[in-house]
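# Geometric and topological summary
One-letter residues, chain by chain:
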Amino acid sequence: MNDCIFCRIIKGDIPSAKVYEDELCYAFKDINPQAPAHVLVVPKKHAASVLELGEEDKALLGHIQLVIGKLAKELGVSETGFRVMTNCGSDACQSVKHLHYHLLGGVQMSEKMV
Ligand code: DGP
């Protein structure tokens, strides 16, 4: 989508600090990091959220989970722990309408989720 900022990042039209890329997904450092390690993992296929994905996307979603684990190791947070979250919709304050997973680590986090 031309007007989607993450699609434009994936295409290279907008610069990003890339940490990983393969045929299905792209990962880059969050512009406004909330933790020492804060990476966004996004599918190359545009979907606003998981609500727009279906059975045909099962392999893609599984692949992203495995990439997140690989990146957690590469970022050095797999031993200490990390958090993975995706915001969906207004109550969750989703600001970019392209499915993305926040990978956060490198700091002791709170037990609170909201
Ligand atoms: P969310 O609130 O879950 O939709 O988070 C969107 C995240 O995307 C937010 O943490 C900031 C990040 N972000 C927004 N625009 C850009 C950008 O142009 N570059 C990078 N690297 N991150 C961005």
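Preceding block: the structure.
Residues numbered from 1 in each chain as written. Predicted model: local features only at pLDDT ≥ 70, side-chain atom pairs only at ≥ 80, totals over all residues. Heavy atoms only, no water.

### Details of the site of the ligand
The ligand sits among 15 residues. The nearest are Asp30, Asn87, Ser95, His100 and His102. At 2.7 Å from an oxygen atom of the ligand is found a side-chain nitrogen or oxygen belonging to Asn87. Between the ligand and Ser95 there is a distance of 2.7 Å, counted from an oxygen atom to a backbone nitrogen or oxygen. When isolated, the ligand has an accessible area of 510 Å², and the protein chains bury 83% of it. Contributing elements (two or more residues each) for the shell around the ligand: α1 (5–11) and β2 (25–29). Counting residues per element, the shell around the ligand draws most heavily on α1, which supplies three residues. When grouped by side-chain class, the residues that make up the shell around the ligand number eight nonpolar, five polar and two charged. (Near = heavy atom within 4 Å. Polar contact = N/O pair within 3.5 Å; in protein donor to acceptor, adjacent residues only side chain to side chain. Areas by Shrake-Rupley, 256 points an atom, 1.4 Å probe, with all protein chains shown as cover. Helix = DSSP H or I, 4+ residues; strand = E, 2+ residues; numbered from the N terminus. Nonpolar A, V, L, I, M, F, W, Y, C, P; charged D, E, K, R; others polar.)

### Considerations on the nonpolar core
Residues Val41, Ile64 and Leu71 are the most contacted members of the largest nonpolar core, which totals 18 residues. Of all the secondary structure elements, the ones that give two or more residues to this core are β2, β3 (37–43), α2 (58–74) and β5 (101–105). Here this core gets six residues from one element, more than from any other, and that element is α2. Among residues more than four places away in sequence, those in contact with Val41 are Tyr26, Ala27, Ile64, Val67, Ile68, Leu71, Leu99, His100 and Tyr101. Ranked by size, the runner-up nonpolar core spans ten residues in total, among them Cys4, Phe6, Ile10 and Val96. (Core = buried A, V, L, I, M, F, W, Y, C linked by side-chain atoms within 4.5 Å. Buried < 20%, exposed > 50% of the residue type's maximum accessible area, 1.4 Å probe, protein only. Contact = heavy atoms within 4.5 Å.)

### Topic: the packing of aromatic side chains
For the structure shown, the criterion picks out two aromatic pairs. Pairing Phe6 with Phe28 gives two aromatic rings, centres 5.3 Å apart and planes at 80 degrees, and the pair type is edge-to-face. Here Phe6 is found in helix α1, whereas its partner Phe28 is found in strand β2, with 22 residues between them in sequence. Pairing Tyr26 with Phe28 gives two aromatic rings, centres 5.8 Å apart and planes at 45 degrees, and the pair type is tilted. You'll find Tyr26 and Phe28 in the same group, each marked buried. By way of ring pairs, the aromatic residues Phe6, Tyr26 and Phe28 are connected into one cluster. (Phe/Tyr/Trp six-rings, centres within 6.5 Å; stacked < 30°, edge-to-face > 60°.)

### Observations concerning the sheet that holds strand β1 (residues 18–21)
Taken in spatial order, the five strands of this open sheet run β1-β2-β3-β5-β4, and their pairing is antiparallel. At either margin of the open sheet sits one strand with a lone partner, and together these are β1 and β4 (82–85). On average, each strand axis in the sheet is inclined to that of its neighbour by 15 degrees, with strand direction left out of account. Note: β3 against β5, five bridges, orientation antiparallel. Bridge pairing in β5 places Val41 opposite Tyr101. (Pairing = 2+ DSSP bridges. Axes fitted to C-alpha atoms, helices over the stretch in contact; angles between N-to-C directions.)

That is the geometry; function is a separate question.
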